[in-house]
Amino acid sequence: MARILGVGNVTLDIVNVIDNYPHEDQEVRALSQHINRGGNTGNTLAVLNQLGHDCAWAGTLADERDAELIRADLHEHRIDLSAVHTVKHGKVPTSYISLSRLSGSRTIVHYRDLPEYQASDFARIDLGLFDWLHVEGRNIDQIKLMLQRARAEQPNLICSLEVEKARDGIEQLFPLVDMLMFSRDYVLRKGWHDPGSFLQVLRDQTLLAGATCTWGDRGAYALSRNGEILHEPAFKPKTVVDTLGAGDVFNAGLIDQLVRGHSLDMALIEASRLAGRKCGVYGLKNLVD
Ligand code: FRU
């Protein structure tokens, strides 16, 4: 069992399951509605807890009623909340999600007015308590300060960075971590259509770290430290019912394997299986036997 600190987003997810995705200006009735705790880092930590790890979350929450559901879910996953920064006013980040029963695709409208977690909040965390630090590439200047502190104070702490959105300046974080986890969205926005070539070029230009890239039904790719490109085909469940958070589950599977000392090869296989299994069930509960 490892001790893992996650810095990033936790949200309220209002999920409407619909028959298939509507056209603009159409009115449709939802088949069912589920209100859950979501957010990339929250999802990854919740799955890491199922995989047997001790997790802590560092992020911001608003002091309002909907935060209760979020806290209750994080408590259920035994995620330590002592580093959370609670803001007096505002709303917890909220996602309005349409989940299509036909395809399992999820379409998200996200609302956020909450300040991001700051390096000054992070400075109060005892990093000596952790084996792995996972951060979401969000408020880049602040994340950079956090990673620089981690590097300076705890050179043996393994650091990973989720690169989901092509935010300005995010590339300056790449040399500060051991493992980069790219989304298809980021790679496409950078003008690449082949994840293998993207990873290869990145390595030639800058990269010292290992990296992965998820690519939906084309599977997942990884770049090993010695420059080898690995590929694992997508694990396809009988029916795809819910792809919401599949990337977050992949990241949890990857961290779990690597922190246990398994090879990147093995980690890619296990993370792909876990993410595939997730797409065959609703939500993130009971993913692990
Ligand atoms: C899934 C997810 C949802 C959340 C949204 C935030 O990856 O984390 O739980 O609402 O993305 O962008």
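Further up the page is the structure itself.
These notes cover the structure that comes with them. Please read all numbers here as calculations on a predicted model, not as lab measurements. (Residues numbered from 1 in each chain as written. Predicted model: local features only at pLDDT ≥ 70, side-chain atom pairs only at ≥ 80, totals over all residues. Heavy atoms only, no water.)

## Overview of the sheet that holds strand β7 (residues 94–100)
No. 1: Read from one edge to the other, the open sheet built from 4 strands follows the order β3-β2-β7-β8, with strand pairing classed as mixed. Strands at the two margins of the open sheet, each flanked by one partner only, are β3 (32–38) and β8 (106–111). Each neighbouring strand pair of the sheet contributes to a mean axis angle of 20°, computed without reference to strand direction.
No. 2: Bridge analysis of β7 against β8 gives 6 bridges, and the strand direction is antiparallel. Within β8, the position partnered with S98 by the bridge is T107.
No. 3: This element, helix α2 (residues 66–76), spans β2 (11–18) and β3 of the sheet and lies at about 70° to β3. (Pairing = 2+ DSSP bridges. Helix = DSSP H or I, 4+ residues; strand = E, 2+ residues; numbered from the N terminus. Axes fitted to C-alpha atoms, helices over the stretch in contact; angles between N-to-C directions. Contact = heavy atoms within 4.5 Å.)

## A few points about the site of the ligand
No. 1: Near the ligand you find T11, D13, G38, G39, N40, N43, S95, L244, G245 and D248, and these make up its full shell.
No. 2: Take T11: an N or O atom from its side chain is 3.4 Å from an oxygen atom of the ligand.
No. 3: In the complex, the protein chains occlude 90% of the 320 Å² of accessible area that the ligand would expose alone.
No. 4: Elements represented by at least two residues in the shell around the ligand include exactly β2 and α1 (40–50).
No. 5: Of the residues belonging to the shell around the ligand, the class tally is 1 nonpolar, 7 polar and 2 charged. (Near = heavy atom within 4 Å. Polar contact = N/O pair within 3.5 Å; in protein donor to acceptor, adjacent residues only side chain to side chain. Areas by Shrake-Rupley, 256 points an atom, 1.4 Å probe, with all protein chains shown as cover. Nonpolar A, V, L, I, M, F, W, Y, C, P; charged D, E, K, R; others polar.)

## Examining the packing of helix α7 (residues 246–259) against helix α8 (residues 264–279)
When two helices pack together, their arrangement is given by the angle between the helix axes and by the axis-to-axis distance.
No. 1: Axis separation between α7 and α8 bottoms out at 8 Å; the angle between their running directions is 145°. With respect to the hand of their crossing, α7 and α8 are arranged in right-handed fashion. On α8, the residues touching A246, V249, F250, G253, L254, Q257 and L258 of α7 are L264, M266, A267, L268, E270, A271, S272, L274, A275, K278 and C279.
No. 2: When grouped by side-chain class, the residues that make up the contact of α7 with α8 number 13 nonpolar, 3 polar and 2 charged. (Left-handed = near helix turned anticlockwise from the far one by under 90°.)

## Regarding the side chain of T11
No. 1: Following the sequence through the fold, T11 ends up in strand β2.
No. 2: In terms of polar contacts, T11 uses its side chain to reach the side chain of D13, at 2.8 Å.
No. 3: Contact partners of T11, with chain neighbours within four places excluded, come to N36, R37, G38, G39, I70, P93, S95 and H110.

## Section: the packing of α1 against α7
No. 1: One way to put it is that α1 packs onto α7 with a least axis distance of 8 Å and a crossing angle of 45°. When the axes of α1 and α7 are compared, the pair comes out oblique. The crossing of α1 and α7 is right-handed. Residue-level inspection shows N40, N43, T44, V47 and L48 of α1 in contact with α7, the latter providing D248, V249, N251, A252, I255 and D256. (Parallel < 35°, antiparallel > 145°, perpendicular 65-115°, else oblique.)

## Side note on unusual backbone geometry
Note on backbone geometry: most residues besides glycine have negative phi, and most peptide bonds are trans.
No. 1: Phi at D25 takes a positive value of approximately 75°, unusual for a residue other than glycine.
No. 2: If you trace the backbone, D25 turns up in the loop between β2 and β3.
No. 3: By relative accessible area, D25 is classed as exposed at 81%.
No. 4: Positioned with a positive phi, N286 is a non-glycine residue whose angle comes to about 50°.
No. 5: Looking at the element boundaries, N286 is found in the segment after α8. (Buried < 20%, exposed > 50% of the residue type's maximum accessible area, 1.4 Å probe, protein only.)

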